[in-house]
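Here is what each chain is made of, one letter per residue.
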Amino acid sequence: MLPLLSLLFFVISENYSPDCQRLGFEYQQLYEAVSLRPGDVSTARDYLKNYGNCISEEGASLILARNIPIIEELDCSEKNKLSRGELFFRSKKLCMRDVHFFPSRKFFAVNRVFKKIDLADGWQSISSADSTLFFDSSSNFEENQDENGEVLTKSEYDLYRNRLGKPMHPVFIFQNGAWKPALPLRESFALKTDDKNNFEIEIITEATLPYDSSELPRSVGLKAEEFQALPPAPGTYKIVGKNIRGVQLPQFEAKNSPHGSYHGIYRISLPDSTPASPKEISIKNSSFSIEIKHKNGRLETEIVVLVRSLAPDEISAIQSVITKEIPTFFVNKSL
């Protein structure tokens with residue numbers, strides 16, 4: 001059993017004194033380790049050895065020691081979510097405490113939320129569904145800056161790009177003078193037609209599609225009398241033409257992206273040929289929502305994933321609704 005617990009440091013003790021002098025960082029060697037090797041388990045172990053008894057309140061605390069932001073955590077719940085740390089008994093309850101360091105940082109995100117947060121003077125925090133951003137409110141931030149410090153551009157429909165034009169997926173974004181949780185556009189498929197039988201298909205996707213103008217229509221199963229693939233932008237493809245007969249629609253797959261997250265917005269927009277007063281779908285929970293609407297002659301589908309990871313049963317639930325309500329292949333019944 002020991003190999004499974006090799007990342008944990010153990011203390012079994014009923015004695016628990018909050019008296020300490022952690023803010024002094026009197027151990028120069030520990031201060032240097034925190035500054036130079038903040039992510040090392042050994043650095044956290046040394047800090048807890050010297051200052052662990054200072055972590056006396058459940059939840060998370062952001063403190064400043066020599067201007068280094070430090071997140072201290074204490075969890076005594078039956079299902080604590082800390083991935084490492086120091087275990088001990090407190091009032092006959094098994095608790096875990098842990099610490100993380102963020103030298104030279106004025107803002108940073110951690111991949112979890114907390115029931116209680118205590119903050120150092122001048123610092124604030126906001127939470128998304130499963131992440132928390134801490135930031136120094138006296139610092140200056142740029143419009144459309146994300147939690148990693150990169151300044152992005154934002155389209156009218158929440159597609160974020162970096163300076164190279166690559167689609168990005170911020171968890172938090174600074175806009176209009178404040179930080180807020182972000183819901184970036186991840187995937188979009190929109191088909192528009194007019195009364196002259198012209199059509200336009202716009203696809204925004206992280207999937208690998210061919211850039212070649214002859215291969216792109218074939219890859220999406222396009223059937224049309226005339227078509228032309230326009231020069232693509234990064235992650236964005238357009239096809240225009242006349243007399244579309246049919247096209248294959250994307251299916252929600254919820255694959256892990258290179259960024260380790262697939263939170264954000266997924267949309268499908270199509271001409272609607274269903275009978276009058278069709279049923280609309282609305283599903284919402286803490287992890288995702290699904291909205292399917294028949295409006296103004298169009299079928300609009302939007303999936304919003306609020307978390308970085310979905311459980312297998314949540315993915316199955318989304319796929320089940322999409323499979324039932326959205327066709328895998330659009331057929332133009334007017335031709």
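Scroll up a little and you will see the structure.
The structure contained in this document is the topic of the report that follows. (Residues numbered from 1 in each chain as written. Predicted model: local features only at pLDDT ≥ 70, side-chain atom pairs only at ≥ 80, totals over all residues. Heavy atoms only, no water.)

**Observations regarding the nonpolar core**
No. 1: If you look at the biggest cluster of nonpolar residues, it comprises 36 residues, and the most contacted ones within it are L191, I201, L222, V247 and L310.
No. 2: Among the elements of the structure, β16 (185-193), β17 (198-204), β18 (223-233), β19 (236-248), β20 (264-271), β22 (288-295), β23 (298-305) and α4 (312-325) are those that each provide at least two residues to this core.
No. 3: Once residues within four sequence positions are removed from consideration, L191 is found in contact with F199, E200, I201, I244, V247, S269, L270, P271, R298 and F330.
No. 4: By size, the runner-up hydrophobic cluster in this structure holds 19 residues, among which are A44, A65, F88 and F101. (Core = buried A, V, L, I, M, F, W, Y, C linked by side-chain atoms within 4.5 Å. Buried < 20%, exposed > 50% of the residue type's maximum accessible area, 1.4 Å probe, protein only. Helix = DSSP H or I, 4+ residues; strand = E, 2+ residues; numbered from the N terminus. Contact = heavy atoms within 4.5 Å.)

**So, the sheet that holds strand β6 (residues 107-110)**
No. 1: Taken together, the three strands give an open sheet; going across it, the order is β6-β9-β8, and neighbouring strands pair in antiparallel fashion. Strand pairing shows two members of the sheet lacking a second neighbour, β6 and β8 (123-127), which therefore form its edges. Across this sheet, the average inter-strand angle for adjacent strands is 20°, counted without regard to direction.
No. 2: As defined by bridge partners, β6 adjoins strand β9 (residues 132-136) across four bridges and the pair is classed as antiparallel. Bridging from a neighbouring strand, F107 pairs with F135 of β9. (Pairing = 2+ DSSP bridges. Axes fitted to C-alpha atoms, helices over the stretch in contact; angles between N-to-C directions.)

**Observations regarding the pattern of salt bridges**
No. 1: Tallied over the full model, the rule gives twelve salt bridges.
No. 2: Residues R97 and E86 are paired through a salt bridge, measuring 2.4 Å at the closest nitrogen-oxygen approach. Residue R97 is found in strand β5 (residues 93-101), and its partner E86 is found in strand β4 (residues 85-90); the two are separated by eleven residues along the sequence.
No. 3: R97 sits in the buried class, given a relative accessible area of 4%.
No. 4: Measuring nitrogen to oxygen at the nearest pair gives 3.3 Å for the salt bridge that ties K154 to D158.
No. 5: Owing to a relative accessible area of 22%, D158 belongs among the partly exposed residues under this scheme. (Salt bridge = Lys/Arg side-chain N within 4 Å of Asp/Glu carboxyl O.)

**Quick notes on α4**
No. 1: The end-to-end C-alpha separation of α4 is 20 Å, in line with the 20 Å expected for 14 residues at 1.5 Å each.
No. 2: Every buried residue of α4 is accounted for by E314, I315, I318, V321 and I322. Taken end-on, α4 shows its buried residues confined to a sector of 130°, consistent with a single buried face. Facing away from the buried side of α4 by over 90 degrees, the exposed positions are P312, D313, T323 and K324.
No. 3: Against β21 (281-284), β22 and β23 lie the buried residues of α4. (Expected span 1.5 Å × (residues − 1). Arc of directions from axis to C-beta.)

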